[in-house]
Amino acid sequence: MSKLHRPLGTLSDERDPVRLSPDSAGWDYSGLRVLSLAAGESRVVRTGEYEAFVLPLAGACTVRVDGEVFALGGRDSVFTRVTDFAYVPRDAEVELSTVAGIEVALPMARCSRRLEPRYGPAENVPVEVRGAGQATRQVTNFGVPGVWDHADKLNACELITPDGNWSSYPPHKHDEASECEVVNEEIYYFRIAGRDGVTPSREGFGLHRTYTSDGELDEDVAVRDGDVFLIPRGYHGPCVAAPGYPMYYLNVLAGPADERSMAFCDDPAHGWVRETWNDQELDPRCPVTSHEGRVS
């Protein structure tokens, strides 16, 4: 069994579908929690040495932290809308409460600076269409440098890949400090839509590849709804959405650099593919969502 692929159910339990710390991942900075709260339930999360985003996956919630109250409108599904979110600092006691129930992600990073909590409106989140042809995908840049600069180490974004398309392509890496990349540990958290293209389901699947030039890592895995894949180093991509099953993933990145960055280097064997996109049409299914709802 792959040590990097963590299928649903191997990281926690039904109440906390994902509970991944840097220590349990075997690295130093990046972490992720996914919490499931029933209707009317409240939970208290203590961030400790981690900063985090509070990102609704399905449902709405209220966030109370450091005397601030943020009402997150959320969404029905990761495939229906771009959501609002909150940033919460390290060394904080965060209360999450929900009226109708919620599934919420907390992408995290071990950090040293303590910043104040802050609300991120959905209408301020840029949606980018990247690639072309069968490599067209949506990138939702809610927590990336230059868009959201209120973080010490934490970077995060969302991707939606229409069924049958490829994303995270060409393969790329960010495991050393060089002219084109910085060191970042990365988490992929997958949600796969079922037959309706909206409701997450374990029925469907996608594919993910991670490898290194020296061959020490060489993994091609099928990923299903709720799975996690860890990228400690090496080239990663593509992520392929099987026909009939749109793919979402949340990327969480953090590393030792003093200044947040998501810079990467393409695998030189495949970087030429980017040039071909200039002569290809965009897939009209992208963008899939906006802060107002589904687009296509």
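Quick look at the structure, then. Fair warning: this is a prediction, and the values are worked out from it, not measured in the lab.

## As for the side chain of Asn 184
Of note, Asn 184 is situated in the loop between β15 (172–173) and β16 (185–192). Of note is the side chain of Asn 184, whose polar atom sits 2.7 Å from the backbone oxygen of Ser 261. Beyond its immediate chain neighbours, meaning those up to four positions away, Asn 184 contacts Asn 155, His 174, Ile 231, Leu 253, Ala 254, Gly 255, Ser 261 and Met 262.

## Some words on the sheet that holds strand β12 (residues 137–143)
Taken in spatial order, the 7 strands line up as β1-β19-β16-β21-β13-β12-β11 in an open sheet, and their pairing is antiparallel. Of all strands in the sheet, those bounded by a partner on one side alone are β1 (5–6) and β11 (127–130). Across 8 bridges, β16 lies against strand β21 (residues 247–254) in antiparallel orientation. Residue pairing in the sheet places Ile 187 in a bridge with Val 252 of β21.

## Section: the state of the cysteines
Throughout this description, disulfide means a covalent bond between two cysteine sulfur atoms. Across all of its chains, the model carries 1 disulfide by this definition. Cys 180 shares a disulfide with Cys 265; S-S distance 1.5 Å. Between Cys 180 and Cys 265, the S-S torsion sits near 90°, and that sign places the bridge as right-handed. Of this pair, Cys 180 sits in the loop between β15 and β16 while Cys 265 is found in strand β22 (residues 265–266), placing the two residues 85 residues apart along the sequence.

## Here's the deal with the environment of Gly 237
Inspection of the secondary structure assignment puts Gly 237 in strand β20 (residues 235–241). Separated by 27 residues in sequence, Gly 237 and Thr 210 place their C-alpha atoms 6.3 Å apart. Once you skip the residues sitting within four places of it in the chain, Gly 237 turns out to touch Ser 168, Pro 171, Arg 209 and Tyr 211.

## Here we look at the pairing of strand β8 (residues 93–97)
As judged from the 5 bridges shared by strand β4 (residues 42–46) and β8, these two strands associate in the antiparallel manner. If you follow Arg 46 over to β8, its bridge partner there is Glu 93. By the bridge criterion, 3 bridges tie strand β5 (residues 50–65) to β8 in an arrangement that is antiparallel. Within β8, the residue paired with Val 63 across the bridge is Leu 96.

## Description of the pattern of salt bridges
Applying the stated criterion to the full structure yields 26 salt bridges. In this structure, the salt-bridge partner of Asp 16 is Arg 19, at a minimum N-O distance of 3.4 Å. Between Glu 158 and Arg 75 there is a salt bridge, with its nearest N and O atoms 2.6 Å apart. Of the two residues, Glu 158 is situated in strand β13 (residues 155–161) and Arg 75 in strand β6 (residues 68–75); the sequence distance between them amounts to 83 residues.

## A short note on unusual backbone geometry
For the bond running from Tyr 169 to Pro 170, omega is 5°, close enough to zero to count as cis. With respect to the secondary-structure elements, Pro 170 resides in the loop between β14 (166–167) and β15. The omega torsion across Cys 286 and Pro 287 is 0°, close enough to zero to call that bond cis. Looking at where Pro 287 falls in the secondary structure, it is placed in the loop between α2 (273–276) and β23 (289–290). Located in the positive-phi region is Asp 66, a residue other than glycine, with phi close to 50°.

## Here's the deal with the packing of aromatic side chains
Applying the stated rule across the entire model yields 13 aromatic pairs. Ring plane angle 70° and centroid distance 6.1 Å describe the contact between Phe 53 and Tyr 87, whose orientation is recorded as edge-to-face. Taken together, the positions of Phe 53 in strand β5 and Tyr 87 in strand β7 (residues 85–88) put the pair 34 residues apart, joining distant regions of the chain. In this structure Phe 53 comes out as buried when scored by relative accessible area, which is 0%. Linked through ring pairs, Phe 53, Phe 85, Tyr 87, Phe 142 and Trp 148 together constitute an aromatic cluster.

## Focus on the nonpolar core
In terms of nonpolar packing, the biggest core is built from 56 residues, with Leu 32 and Leu 250 touching the most fellow members. Residues contacting Leu 32, with those up to four places away along its chain left out, are Val 18, Arg 19, Leu 20, Ala 105, Leu 106, Pro 107, Met 108, Ile 187, Tyr 189, Leu 250 and Val 252. Core analysis: the second largest hydrophobic core is formed by 20 residues, Leu 37, Val 63, Ile 102 and Val 104 among them.

## As for the side chain of Asn 165
Position of Asn 165 among the secondary structure elements: in the loop between β13 and β14. There is a polar contact of 3.0 Å between the side chain of Asn 165 and the backbone oxygen of Thr 136. Polar side-chain contacts of Asn 165 include one of 3.3 Å to the side chain of Arg 285. Those residues within four positions of Asn 165 in sequence are excluded, and the remaining contacts are Gly 133, Gln 134, Thr 136, Cys 239, Val 240, Ala 241, Asp 283 and Arg 285.

## A few points about the pairing of β5
Of all the 16 residues making up β5, 13 are buried; the element is thus mostly covered by neighbouring parts of the structure. Pairing analysis gives 7 bridges linking β5 to strand β9 (residues 102–110), with the strands arranged antiparallel. By the bridge assignment for β9, Pro 56 is matched with Val 104. As paired elements, β5 and β6 share 6 bridges and run antiparallel to each other. Within the sheet, the bridge partner assigned to Val 65 lies in β6 and is Glu 68. Adjacent in sequence and paired antiparallel, β5 and β6 are bridged by 2 residues, among which Asp 66 carries a positive phi angle near 50°.

Reading the values: the criteria
- Residues numbered from 1 in each chain as written.
- Predicted model: local features only at pLDDT ≥ 70, side-chain atom pairs only at ≥ 80, totals over all residues.
- Heavy atoms only, no water.
- Helix = DSSP H or I, 4+ residues; strand = E, 2+ residues; numbered from the N terminus.
- Polar contact = N/O pair within 3.5 Å; in protein donor to acceptor, adjacent residues only side chain to side chain.
- Contact = heavy atoms within 4.5 Å.
- Pairing = 2+ DSSP bridges.
- Disulfide = S-S within 2.5 Å.
- Salt bridge = Lys/Arg side-chain N within 4 Å of Asp/Glu carboxyl O.
- Phe/Tyr/Trp six-rings, centres within 6.5 Å; stacked < 30°, edge-to-face > 60°.
- Buried < 20%, exposed > 50% of the residue type's maximum accessible area, 1.4 Å probe, protein only.
- Core = buried A, V, L, I, M, F, W, Y, C linked by side-chain atoms within 4.5 Å.

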